[in-house]
Every structure is written in C-alpha cells, then in structure tokens.
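For reference, the chains in residue letters:
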Amino acid sequence: MEAQPYATAPADSPRLESLRVDPLLTSEFDADPAGVYERLRRTYGPVAPVGLMGVPVWLVLDYHEVLEVLRDDSQWRRDIRHWRARAQGQLPRDWPLLAGYEVRQTMFMDGDEHHAARLTHHSALRPFQDGHSPQGWELRAAVARYADELVALLAAESGSAGYADLGAQYTRPLLLMVTTKLFGCPVGLGDELVMDLWRMLDGGLDAGPATGRAAACMTRLAAHRRRRPGDDLTSYLLLADPGMTDEQLGRELLMNAVYLNDITGNMVMNTLLEVLRGNATVRRSVSDGHLGETLHRVALVNPPVANMCFRFAARDVRLGAFWIRAGDIVSPSAAAAHQDLLTIDTSHLVDSTASTRAHLGWGAGQHQCPGAARELAGMIVTTAVGRIFDHFTKAELTLPPDQLPWRSGPVVRGLRLLPVRYELRGTPPESHPVPPPRHDDEAPSRHDDEAPHAAPSPDPRSRGLLSALRRLMPGAGRTG
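Residues numbered from 1 in each chain as written. Predicted model: local features only at pLDDT ≥ 70, side-chain atom pairs only at ≥ 80, totals over all residues. Heavy atoms only, no water.

Draft legend 1. Fine view of the nonpolar core. Grouped together as the largest cluster of nonpolar side chains are 128 residues, with contacts concentrated most on Trp83, Tyr170, Leu174, Phe183, Ile324, Leu360 and Leu418. The greatest single-element share of this core, amounting to 14 residues, is contributed by helix H12 (residues 246-276). The residues contacting isoleucine 324, other than those within four sequence positions of it, are Trp58, Trp76, Ala313, Arg315, Asp316, Val317, Leu319 and Val330. (Core = buried A, V, L, I, M, F, W, Y, C linked by side-chain atoms within 4.5 Å. Buried < 20%, exposed > 50% of the residue type's maximum accessible area, 1.4 Å probe, protein only. Helix = DSSP H or I, 4+ residues; strand = E, 2+ residues; numbered from the N terminus. Contact = heavy atoms within 4.5 Å.)

Spelled out as structure tokens, the structure:
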C-alpha cells in the first residue's frame, strides 16, 4: 500500500462549519479583547472556532501556533482562491470583509508570483529607505516638517496651552500628508481616503463601496503618474515593473495606503498612549532617546494589527486541539499571541531588548512586512512621536485609559481619538530647520542647536491645506 505524503483529518473530527460558534465581535470584545482571548484559550486551547460577522473562522491564539501559521507558506496560503467556503458559494453575498480580500495584490499572492511582486516593491522603496539618498533625505525632512507645522497650527488655533485630539489634529492628517508626498498625489486627491480605509478594514455595511472608491482613487493616481512620472513611489513602482496596468498599480497603492495610514497611524497613536498612560518601560526608552526600542515595546504590548490577514489551509493539518481541513480559513491573532508570550515570563520580556523584538507587529515568514517598508514606518513613527515630545512640555490624558474609544474591528484595534491637555514650550516666529535624521536607537543630543525645542510657526502656504485636512477628520473639534 502506497504511503500517504500527508496526514488527513479523521472522519470523526469536528468540521469548522459544523461547530457552534459564538461571535467574536461583541460589546465584551470591544471593551476587553484580552479578556475574550483568554476565555477562548481556557475553553479551546491555542486555536478556537469563532464567528466573524456570520462566518465561522479558526482564531489562532498562542504564540507558537501563530508563528507556525505565519512561517509555513506551503501549508498556510494567502490567496483567497484557496478558501473552500468561498469557492463553494457558502459565504453571505454581502459579507463585508470579502471586498478587501478580493483586491488582487502582493499581500494576497503566494509562491513565485508573490516573490516577484515583493522584489518590485523592494526596488521601488529602495530610494526612500536610505536616509542619505536625495529621496530618503527629502522624505524624512518632509515628515518632520509636517509634524512641526501641525503642532504650529495647534498653537496658532488653541494657544500654547489647551486641549487637543492627537488623533484628529495630529496623527491622521500627518499620515495623509506623508501619503500625498510619498505617492506623488496631486492636490485634492485622497481627501476621503482615510475614512474609506477605515470602512474597508472595519467591515462596515458600506465596506464594499468604500473599497471600490479607494481602489478607483489609487487607479486614477497610477494613470496620472504614468503620464507624468515623478520622484515618488508610484513612479518607481512603474519603473520596476513597466508591465503593470493602471488597475494593478492602483491595487498595490491601495494596500500600501492601508499600511501607511491605518497601520502606521495606529502605531503612532499606540506609542503616544503608552507614554501618556504611564507605561514605565516605554517612558524610560523615550526619555533615553531610544525611540526604536520604544517602537518594539509598544508593538509587543499593543500591536497595530490585532488579528492578521487570513490564511487558508492547503491540506489537512492538526493545529492545537483541532484538525484544520484543506480550504479552512484561519485568523492568526498577534494580540492574543503577544498576550500568551508576555504570560510566559513577564519580567524577562519587559526588561530584555531581544525579547521585545519577538513581537509580530510586522508579521513573520515570507509575507512579513518588507524590510524597507518597516524602516520607513519606523522612521515615520519615531519622528511623529519624537516631534510631539520635543514641542510639548506637558501632555496628559483627559480621559481615563479604560474610557478611551477604540475602533475594535476584525483586523485592527485603533484609537478613535486621543484627547490630551497640553502645554507647549513656546511659539517663535520661524520654524527651526530640520536636523539630519538619526538612527532609531541613537539618543538625541541635548546640546544640538538645531534640535527643535519650541513649536514652529506654520508655513502660511500650508495653513489652508492643513485646515482643510483637519476639517475632514472626525472628532476634529476641541476635546476637554
């Protein structure tokens, strides 16, 4: 008898679709996702069946199992065409998460196709990765300048002391401005983009139309840059792969916009929150100037992507206490995995730099966030956070941490707003020059004459654009 190369699920093992599952996204999950993860872990072990907007999904909870799923691309596929329930027409017709996953883009490809697409991205991002190249220097200077201008606008509107929402009045407009710069967007393109990305990721009733609008916006940008190439990521993607159609390039830009605006924006907000709520180790790394290490610590305790992109089983496999059948859908949870990791040895993990870098904030395996993209995201986060603490002499939350409102969807757990009472160092008549970028773990010199110690005055040409952007953001009014 010929040996079977792979095991098959026993006939009497429960099938995902036959299990009674409770919905994951409940008011309890909104208030305390960590408590829900722990309850599921006690009930089912490292892998739990849950309902996600009416669809049964395997939720992977423990660090070892999550890492196994992320690293084994031959077993766990990203291409949605491997999903049996979709192929057999068993999904609700208007399942709100489906539109985003059907965007045919690098992150949802496998094998050679995925490898080739990653090489294209690596080539296109390379000019912006190096802080000493003209493109890298200009981007870093722009991020710092935008941050300074937003703080200056806050000072001009509310004075040197007052109340602010660091989400609507700082983080979200900052990331939108960076996207406009990096992508080479013409003025006026993408005003509604951030909100559509939220709708797509959070799986609202209008997620499908929102995905279509965002994709169309990026496709128009692709066509524009094909006609008028510039010194921007869109043009470099075309240079790396001239055979891409406008629609293909638009899909790539769409997912890059997701990471740049939503995921990186969450990381900025989460980092600010951990400092403001008094996380001692995070505060220590900020005060020591080690913002790169701060980023690792925050990604461990509060990852910007709570539940990572779905995987689909290529063949039957046992995971945790269950047999996962070929074509089943699996959701690896970074937030639950980190919770499990911290439980193993909390004191060791908090004090060890090596341990903080075990976080899954960038993913793992062949589909982890490309190195160039990680460096750019790290630069944006450290600059955004560093600029706030350069300019603010005081900032404190105006709500208790457990009363802050969160976007608690199936993918991200991001703050809707971050209300603070602040005091600025002062408002001189002119902006300070942007200093050369420093390495992530290099402490800033306290005697650097170019280091900004006061809120700069906004460029008058920027004031109208910044005000327009801010008006588009929900919750942009004064908070206090």
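Read on for the rest.
Draft legend 2. Structural detail: unusual backbone geometry. Of note, the phi angle at methionine 53 is positive, near 55 degrees, even though the residue is not glycine. Relative to the helices and strands, methionine 53 resides in the loop between strand E1 (47-52) and strand E2 (55-60). Residue methionine 53 is classed as partly exposed on the basis of its relative accessible area of 28%.

Draft legend 3. Geometry of the pairing of E2. Burial runs high along E2: five of the six residues are buried. Judged from the six bridges that link them, E1 and E2 form a sheet pairing that is antiparallel. The partner of leucine 52 across the bridge, within E2, is valine 55. Adjacent in sequence and paired antiparallel, E1 and E2 are bridged by two residues, among which methionine 53 carries a positive phi angle near 55 degrees. As paired elements, E2 and strand E8 (residues 329-332) share three bridges and run parallel to each other. Each residue of the ladder has a partner; that of leucine 59, found in E8, is serine 331. (Pairing = 2+ DSSP bridges.)

Draft legend 4. Structural view of the pattern of salt bridges. Counting across every chain of the model gives 21 salt bridges. Residues aspartate 196 and arginine 199 are paired through a salt bridge, measuring 2.7 Å at the closest nitrogen-oxygen approach. In this pair, aspartate 196 and arginine 199 both sit in helix H9 (residues 193-202), three residues apart, roughly one turn of the helix. We note a salt bridge from aspartate 246 to arginine 226, for which the minimum N-O separation is 2.6 Å. With aspartate 246 in helix H12 and arginine 226 in helix H10 (residues 207-227), this residue pair connects regions lying 20 residues apart in the sequence. Members of the salt-bridge network, linked through shared partners, are Asp79, Arg81, Arg104 and Glu113. (Salt bridge = Lys/Arg side-chain N within 4 Å of Asp/Glu carboxyl O.)

Draft legend 5. Structural detail: the environment of aspartate 196. Under the relative-accessibility criterion, aspartate 196 is labelled buried at 4%. Considered as a pair, aspartate 196 and aspartate 206 are 10 residues apart in the sequence and their alpha carbons are 9.0 Å apart. Look past the residues within four positions of aspartate 196 in its chain and what remains in contact with it is Ala210, Arg213 and Ala214.

Draft legend 6. Seen up close, the sheet that holds E1. Sheet architecture is open: five strands sit in the order E1-E2-E8-E5-E3, paired in mixed fashion. Two strands bound the open sheet, and with one partner strand each, they are E1 and strand E3 (76-77). Against the sheet, helix H3 (residues 63-71) touches E2, E3, strand E5 (311-313) and E8, its axis set at about 120 degrees to E8. (Axes fitted to C-alpha atoms, helices over the stretch in contact; angles between N-to-C directions.)

Draft legend 7. A look at the state of the cysteines. Per the counting criterion, the structure on display carries zero disulfides. Lacking any disulfide linkage, cysteine 217 is separated from the closest cysteine sulfur, that of cysteine 185, by 6.7 Å. On the accessibility criterion, cysteine 217 (7% relative accessible area) is buried. (Disulfide = S-S within 2.5 Å.)

Draft legend 8. Quick peek at H9. Most of H9 sits out of view: eight of its 10 residues are buried. Of the surrounding elements, those touching the buried residues of H9 are helix H5 (98-101), helix H8 (167-183), H10, H12 and strand E10 (406-408). Following H9 by one or two positions, glycine 203 adopts a phi angle in the positive range, close to 70 degrees.

Draft legend 9. View of the packing of aromatic side chains. Tallying each qualifying case throughout the model produces 11 aromatic pairs. Here phenylalanine 29 and tyrosine 37 contribute two aromatic rings whose centre-to-centre distance is 5.7 Å and whose plane-to-plane angle is 80 degrees, an arrangement assigned as edge-to-face. A centroid spacing of 6.5 Å and a plane angle of 55 degrees characterise the contact between tryptophan 83 and phenylalanine 310, whose relative ring orientation is tilted. One end of the pair, tryptophan 83, is in the loop between E3 and helix H4 (84-87); the other, phenylalanine 310, is in the loop between helix H14 (291-301) and E5, and 227 residues separate them in sequence. Given the relative accessible area of 3%, phenylalanine 310 is considered buried. Connected via pairs of aromatic rings, a cluster forms that spans Trp83, Trp95, Tyr101, Phe108, Phe310 and Phe312. Here the basic side chain of arginine 413 rests over the ring of tryptophan 406, its NZ or CZ set 4.4 Å away from the ring centre. (Phe/Tyr/Trp six-rings, centres within 6.5 Å; stacked < 30°, edge-to-face > 60°. Lys NZ or Arg CZ within 6 Å of the ring centre and 35° of its normal.)

Draft legend 10. Highlighting the packing of H10 against helix H11 (residues 233-240). Taken N-terminus to C-terminus, the directions of H10 and H11 make an angle of 70 degrees; their axes are 9 Å apart at the nearest point. Between H10 and H11, the interaxial angle falls into the category roughly perpendicular. Seen from H10, the contacting residues are Leu221, Ala222, Arg225 and Arg226; seen from H11, they are Thr234, Ser235 and Leu238. Of the residues belonging to the contact of H10 with H11, the class tally is three nonpolar, two polar and two charged. (Parallel < 35°, antiparallel > 145°, perpendicular 65-115°, else oblique. Nonpolar A, V, L, I, M, F, W, Y, C, P; charged D, E, K, R; others polar.)

Draft legend 11. Region of the structure containing the packing of helix H7 (residues 134-158) against helix H18 (residues 371-391). Axis separation between H7 and H18 bottoms out at 10 Å; the angle between their running directions is 35 degrees. Read as a crossing pair, H7 and H18 show a hand that is right-handed. Where H7 approaches H18, its residues Leu139, Arg140, Val143, Ala144, Ala147, Asp148 and Val151 are matched on the opposing element by Leu376, Met379, Ile380, Thr383, Arg387, Ile388 and His391. A per-class count over the contact of H7 with H18 returns nine nonpolar, two polar and three charged. (Left-handed = near helix turned anticlockwise from the far one by under 90°.)

Draft legend 12. Geometry of the sheet that holds strand E4 (residues 161-165). Taken together, the three strands give an open sheet; going across it, the order is E4-E12-E9, and neighbouring strands pair in antiparallel fashion. Of all the strands in the sheet, the pair left with one neighbour each is E4 and strand E9 (392-397). Pairs of neighbouring strands in the sheet enclose a mean axial angle of 25 degrees, with direction left out of account. Sitting on the sheet, H18 touches E9 and strand E12 (419-424), and the angle it makes with E9 is about 110 degrees.

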